[in-house]
Amino acid sequence: MPKKTKSFRAGQLERLKDPLYAAEYVNAAIEAGDSAALLLALRNVAEVQTMNSVATQAGLSRESVYRMLSATGNPCYASLLGILGALGQIGRASCRERV
């Protein structure tokens, strides 16, 4: 009997429905310091919540959100804050331990 499996992406999108998991996912991308990883993480979380609702809550057009979160996207600070707010992500600063 064939084994029923789902793709990694399908499983990931399922896990991202959990707000705590989504927050940790975005935080990990921020901590990685890679802007492409952050845009991908935000795009994945936005896809789970539907791009249209994220765009509406952020005060942007759906097309703009897709462009900003693409691999070549370059969102301005205000737009990025709008998207983070729409996704329920709250920015915070923390101190690293000094070596």
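Residues numbered from 1 in each chain as written. Predicted model: local features only at pLDDT ≥ 70, side-chain atom pairs only at ≥ 80, totals over all residues. Heavy atoms only, no water.

Novice: Whenever I open this one, the overall build of the chain confuses me. Can you help?
Specialist: Secondary structure summary: the chain contains six helices and zero strands in total. Along the chain, helices (α) and strands (β) appear in the sequence α-α-α-α-α-α when read from the amino end. Of all 99 residues assigned to the chain, the portion counted as buried reaches 34%. Put simply, 49% of the contacts in the chain that link residues at least 6 apart link residues at least 24 apart. Total accessible area on the chain is roughly 7,200 Å²; 56% of this is exposed by carbon and sulfur atoms. (Helix = DSSP H or I, 4+ residues; strand = E, 2+ residues; numbered from the N terminus. Buried < 20%, exposed > 50% of the residue type's maximum accessible area, 1.4 Å probe, protein only. Contact = heavy atoms within 4.5 Å. Areas by Shrake-Rupley, 256 points an atom, 1.4 Å probe, with all protein chains shown as cover.)

Novice: It is not clear to me how unusual backbone geometry should be interpreted in this structure. Could you clarify?
Specialist: Most peptide bonds take the trans configuration, and most residues that are not glycine carry a negative phi. Unusually for a residue other than glycine, threonine 50 sits at a positive phi of about 70°. Inspection of the secondary structure assignment puts threonine 50 in the loop between helix 3 (35-48) and helix 4 (51-58). A residue is classified by how much of its surface remains accessible, and threonine 50, at 43% relative accessible area, is partly exposed.

Novice: Help me out: how do you make sense of the pattern of salt bridges in this one?
Specialist: It is possible for side chains bearing opposite charge to pair when their charged atoms get close. Enumeration according to the criterion identifies four salt bridges in this entry. A salt bridge links arginine 43 to glutamate 47; the nearest nitrogen and oxygen atoms lie 3.2 Å apart. Taken together, the residues arginine 43 and glutamate 47, both in helix 3 and four residues apart, mark about one turn of the helix. Arginine 43 sits in the partly exposed class, given a relative accessible area of 21%. When its relative accessible area of 28% is taken as the criterion, glutamate 47 is described as partly exposed. Note that glutamate 63 is salt-bridged to arginine 62, the shortest N-O span being 3.3 Å. Relative accessible area serves as the criterion here: at 41%, glutamate 63 is assigned to the partly exposed category. In the salt-bridge network here, residues are joined through shared partners; they are Arg9, Arg43 and Glu47. (Salt bridge = Lys/Arg side-chain N within 4 Å of Asp/Glu carboxyl O.)

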